[in-house]
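# Breakdown of the fold
Spelled out from the first residue to the last, the chains are:
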Amino acid sequence: SARLLESIQHHATELERAPGLFLQLNLTGEGAKQGLGREQLHALLGAPPPGPCPLLGLMTMAPLDDEDGSGARRVFGEVAQLARDISADDILARRFAAGPLQLSMGMSRDLEQAVAAGSHWVRLGRAIFPSAAADSTPSQGAARSPGDNK
């Protein structure tokens, strides 16, 4: 939300920090996820709050219930098209840091669809540490790293 971005920019100014930021989109409409819709994104880019943190790009996740990957392909394709539209608009493109607008899409289960859609960043966990995910249960708390066999 614009309020959250304003708060981040305010705190970053106070702390003399400037981390790069991705704007999270929720194009699936799933209530379990946070993020901006298309209209909220365009409103935010129309008048972004000032501050030191550069906007680097857009991020999103595939639908939670997506057995065949078609939802991931659809959502990632929509976000990639939004990025192209923003990049083609001189005013909106200036809201982002210099260089190409970056995309952070996908996780271990849908990394192929994310890369095919043009993602620059993919969040991996289970693809690298499959045993850590299997070893964790809700009662155990956080997943252990593979070296934690004590």
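It should be emphasised that the depicted structure is a prediction, and the values quoted were computed from it without experimental measurement.

In terms of helices and strands, the chain carries six helices and four strands. Listing the helices and strands of the chain from first to last along the sequence gives α-β-α-β-α-α-β-α-β-α. Burial analysis of the chain (150 residues in total) assigns 32% to the buried set. Counting contacts in the chain only where the partners sit at least 6 residues apart, residues at least 24 apart contribute 58% of the total. Total accessible area computed for the chain in this model is approximately 9200 Å², and 55% of it derives from carbon and sulfur atoms.

In this section: the pattern of salt bridges. Per the stated rule, a full pass over the model turns up three salt bridges. Residues lysine 33 and glutamate 30 are paired through a salt bridge, measuring 2.8 Å at the closest nitrogen-oxygen approach. Connected via shared salt-bridge partners are Arg38, Arg74 and Glu78.

With that settled, the discussion passes to the pairing of strand S3 (residues 102-107). By the bridge criterion, four bridges tie strand S2 (residues 55-60) to S3 in an arrangement that is parallel. Bridge pairing in S3 links threonine 60 to methionine 105. As defined by bridge partners, S3 adjoins strand S4 (residues 121-123) across two bridges and the pair is classed as parallel. The residue bridging serine 104 from the neighbouring strand is tryptophan 121, located in S4. A crossover connection joins S3 to the parallel S4 through helix H5 (residues 111-117); in handedness this β-α-β unit is right-handed.

The next subject is the side chain of serine 108. Within the secondary structure layout, serine 108 lies in the loop between S3 and H5. A distance of 3.3 Å separates a polar atom in the side chain of serine 108 from the backbone nitrogen of arginine 126.

As a further point, take a nonpolar patch on the surface. A cluster of nonpolar side chains, contributed by Leu124, Ile128 and Phe129, occupies part of the molecular surface with about 290 Å² of accessible area. Counting through the fold element by element, leucine 124 comes out in the loop between S4 and helix H6 (130-135). Leucine 124 sits in the partly exposed class, given a relative accessible area of 44%.

Tallying each qualifying case throughout the model produces one cavity of 30 Å³ or more. The volume enclosed by the largest cavity comes to roughly 70 Å³. Lining of the largest cavity is provided by Gln24, Leu25, Asn26, Leu27, Thr28, Lys33, Gln34, Met59, Thr60, Met61 and Arg123. Split into classes, the residues belonging to the lining of the largest cavity amount to four nonpolar, five polar and two charged.

Rules and cut-offs
Residues numbered from 1 in each chain as written. Predicted model: local features only at pLDDT ≥ 70, side-chain atom pairs only at ≥ 80, totals over all residues. Heavy atoms only, no water. Helix = DSSP H or I, 4+ residues; strand = E, 2+ residues; numbered from the N terminus. Buried < 20%, exposed > 50% of the residue type's maximum accessible area, 1.4 Å probe, protein only. Contact = heavy atoms within 4.5 Å. Areas by Shrake-Rupley, 256 points an atom, 1.4 Å probe, with all protein chains shown as cover. Salt bridge = Lys/Arg side-chain N within 4 Å of Asp/Glu carboxyl O. Pairing = 2+ DSSP bridges. Right-handed = clockwise from strand over helix to strand, strands pointing away. Polar contact = N/O pair within 3.5 Å; in protein donor to acceptor, adjacent residues only side chain to side chain. Patch = residues over 30% accessible without salt bridge, like charges linked within 9 Å, V, L, I, M, F, W, Y side chains within 5 Å. 1 Å grid on protein atoms, 1.4 Å probe; cavity = no way out; pocket = protein on both sides within 12 Å on 5 of 7 lines; lining within 4 Å. Points joined across faces, edges and corners; volume = space filled by probe spheres on them. Nonpolar A, V, L, I, M, F, W, Y, C, P; charged D, E, K, R; others polar.

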